Amino acid sequence: MDLLSLIGRDSELFSSDIVSHEDALKIIIQKSRFLIIGGAGTIGQSVTREIFKRDPRILHVVDISENNMVELVRDLRSTEGYGSGEFKTFAIDCGSIEFEALVNDQGPYDFVFNLSALKHVRSEKDPFTLMRMIIVNVFNTVKTLRMSREMGAKKYFCVSTDKAANPVNMMGASKRIMEMFLMRESLTQDISMARFANVAFSDGSLLHGFNQRFLKRQPFSAPNDVRRYFVTQQESGELCLLSGLLGENRDIFFPKLSEKLHLITFSEIAKSYLKERGYKPYECQSEKEARDRAEELIAKKCWPCYFFTSDTTGEKDFEEFFTDKEDLDMNRFETVGIIKNQPIFDETKLDEFMVGIDFLREKGTWTKEDIIRLYFGILPEFSHTHKETGKYLDQRM
């Protein structure tokens, strides 16, 4: 299956910049020690692969998903083989005592890449998962960054999201808050980040769900009014690599918009996917019709699809990588733009947010409204862009 054609493209995004900076990337990688946090997720695996194939001196990968870590190793051994440096994986949580012991024993590292995140908008449906999102996306980031500083790391990279630009959902806002905390930390540790679009067929994504539904002979369900930018898994790793190794302190990298990168709806991709598989998309009028007629339609080489207008909490009408208040460098790279940040932050708001979250967790009980109030305190503009509809993705097929 041609992945690029499915997302409406015929060429890779960052190949020209990767080629022109290949020598510099290899020189840095081959003499450096790397720690990858969240390395078994879709983006983490891609970053790990980009570093591994350039033969790093040390490459250690941490992730809580034991099974995905096994697949990462099998995939690398089956494609890239073996390098001359040390490659190890550790199935542990970066917020744990075990992680601290690992860093103290196996470190120091020159570069720390943090790809761990709760990335789903659906994760904000309840106050408990939402709290974990804050711990993973904000608190663990600050913790692991400070550990990197203590060991003398040259750079700490953390993945952000396009949804952090003028955020409308709690996930995007958590990443924007993370960026704000990193501005403070950048005074004592060099950091860089990347904002990019949806990663096509990443674990848990709607496109990944197409694969699962097809294997299980189940209906496709997708919004027909939500338009998104998509990058491939390899492109996600390449953008992180460029930012982590070549970015200056406080830089946020993002893909330049061009004829190669444009918006496309999920329903368009669903139709192209099914045609590639030899099936004609058949649009049903309801989820029930799609479920009830699945066996009948699939036997006729038609696939039941339910396309709908989105009404769930947190959906943004359009995607953007930067705001009109951010300073840009559009000249350094051919395919990548850079948000140039100054170390501007409100110390009081950062501290109040941390104290507020700690208070709720120590109390042992909290509501979503408690957390939203803390979001509004640190991001006042979020109170104007965030809207609760009472409907969430878990309530859809």
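About the thresholds
Residues numbered from 1 in each chain as written. Predicted model: local features only at pLDDT ≥ 70, side-chain atom pairs only at ≥ 80, totals over all residues. Heavy atoms only, no water. Disulfide = S-S within 2.5 Å. Buried < 20%, exposed > 50% of the residue type's maximum accessible area, 1.4 Å probe, protein only. Patch = residues over 30% accessible without salt bridge, like charges linked within 9 Å, V, L, I, M, F, W, Y side chains within 5 Å. Areas by Shrake-Rupley, 256 points an atom, 1.4 Å probe, with all protein chains shown as cover. Salt bridge = Lys/Arg side-chain N within 4 Å of Asp/Glu carboxyl O. Helix = DSSP H or I, 4+ residues; strand = E, 2+ residues; numbered from the N terminus. Pairing = 2+ DSSP bridges. Axes fitted to C-alpha atoms, helices over the stretch in contact; angles between N-to-C directions. Contact = heavy atoms within 4.5 Å. 1 Å grid on protein atoms, 1.4 Å probe; cavity = no way out; pocket = protein on both sides within 12 Å on 5 of 7 lines; lining within 4 Å. Points joined across faces, edges and corners; volume = space filled by probe spheres on them. Core = buried A, V, L, I, M, F, W, Y, C linked by side-chain atoms within 4.5 Å. Nonpolar A, V, L, I, M, F, W, Y, C, P; charged D, E, K, R; others polar.

S.K.: Could you clarify how one ought to interpret the state of the cysteines in this entry?
M.R.: As used in these notes, a disulfide is a covalent bond between sulfur atoms, one from each of two cysteines. Summed over all chains, the structure comprises zero disulfides. Cys158 supplies the cysteine sulfur nearest to Cys94, a cysteine that is in no disulfide, at a spacing of 9.7 Å. We classify Cys94 as buried; its relative accessible area is 8%. The thiol of Cys305 is unpaired, and the distance to the nearest cysteine sulfur, on Cys284, comes to 7.3 Å. The class for Cys305 is buried, based on a relative accessible area of 0%.

S.K.: What's the story with a nonpolar patch on the surface in this structure? I'm lost.
M.R.: A contiguous nonpolar surface patch, about 220 Å² in accessible area, is contributed by Phe322, Leu328 and Met330. Tracing the chain through its elements places Phe322 in the loop between strand E14 (302-308) and strand E15 (327-329). The exposure class of Phe322 is partly exposed, given its relative accessible area of 31%.

S.K.: Teacher, can you tell me more about the sheet that holds strand E13 (residues 280-283) here?
M.R.: Sheets are built from strands paired through backbone hydrogen bonds, the pairs being either parallel or antiparallel. The sheet built from three strands is open, its strands ordered E8-E14-E13 with parallel pairing. Each edge of the open sheet carries a strand with a single partner, namely strand E8 (220-223) and E13. Averaged over all pairs of adjacent strands, the angle between strand axes in this sheet comes to 40°, irrespective of strand direction. As defined by bridge partners, E8 adjoins E14 across four bridges and the pair is classed as parallel. Note that in E14 the partner of Ala222 across the bridge is Phe307.

S.K.: What exactly am I supposed to notice about unusual backbone geometry here?
M.R.: Negative phi is the rule for most residues except glycine; trans is the rule for most peptide bonds. Here the residue pair Gly107 and Pro108 is connected by a cis peptide bond, since its omega of 5° sits within 30 degrees of zero. By the element assignment, Pro108 lies in the loop between helix H6 (97-106) and strand E4 (111-114). You will see that Asp55, though not glycine, has its phi angle at about 60°, which is positive. By the element assignment, Asp55 lies in the loop between helix H4 (42-52) and strand E2 (58-62). One non-glycine residue, Arg250, lies in the positive phi region at around 80°. With respect to the helices and strands, Arg250 occurs in the loop between helix H10 (233-246) and strand E11 (251-255). For Arg250, a relative accessible area of 15% corresponds to the buried category.

S.K.: How should I be thinking about the sheet that holds strand E3 (residues 86-90) in this particular structure?
M.R.: Taken in spatial order, the nine strands make up an open sheet running E3-E2-E1-E4-E5-E6-E11-E16-E15, and their pairing is mixed. Among the strands making up the open sheet, the edge pair consists of E3 and E15. For this sheet, the mean angle separating the axes of adjacent strands, direction not counted, is 20°. Pairing between strand E1 (residues 33-37) and E2: five bridges, direction parallel. Each bridged residue has a counterpart across the sheet, and for Ile36 the counterpart in E2 is Val61. In this fold helix H5 (residues 66-79) packs onto E2 and E3, with an angle of close to 155° to the strand it touches most, E3.

S.K.: Just checking my understanding: could you explain empty space enclosed by the protein for this structure?
M.R.: The gaps left among the atoms become clear once a water-sized probe is rolled over them. The final tally for this structure, using the stated rule, is one cavity of 30 Å³ or more. In this structure, the largest cavity encloses a volume near 30 Å³. Around the largest cavity, the lining residues are Leu35, Ile37, Phe99, Val103, Val112, Thr144, Met147, Ser148 and Met151. Among the elements of the structure, E1, H6 and helix H7 (127-151) are those that each provide at least two residues to the lining of the largest cavity.

S.K.: Is there a simple way to think about the environment of Asn140 in this case?
M.R.: The topology assignment puts Asn140 in helix H7. Its relative accessible area of 10% is what places Asn140 among the buried residues. Spatially, the C-alpha atoms of Asn140 and Asp93 are 9.9 Å apart, while their sequence positions differ by 47 residues. In this structure Asn140 touches Asp93, Cys94, Gly95 and Ile135, once residues within four positions along its chain are discounted.

S.K.: When you look at the nonpolar core in this model, what are you seeing that I'm missing?
M.R.: If you look at the biggest cluster of nonpolar residues, it comprises 96 residues, and the most contacted ones within it are Phe99, Phe113, Leu245, Phe353 and Tyr375. The element that contributes the greatest number of residues to this core is H7, accounting for twelve residues. Not counting chain neighbours up to four residues away, the residues in contact with Leu245 comprise Leu25, Ile28, Ile29, Phe34, Phe111 and Phe113. Residues Ile264, Leu274, Ala294 and Trp303 belong to the second largest nonpolar core, which totals 24 residues.

S.K.: Explain the layout of surface pockets to me, please; I cannot follow it from the model alone.
M.R.: Looking at the second largest pocket, its volume works out to about 770 Å³. Arg176, Thr323, Lys325, Glu326 and Glu381 are, among the 29 residues lining the second largest pocket, the residues nearest its centre. Contributing elements (two or more residues each) for the lining of the second largest pocket: helix H8 (170-185), strand E16 (336-340) and helix H16 (382-385). For the lining of the second largest pocket, the element with the highest residue contribution is H8, accounting for four residues. In the lining of the second largest pocket, the residues fall into 13 nonpolar, five polar and eleven charged.

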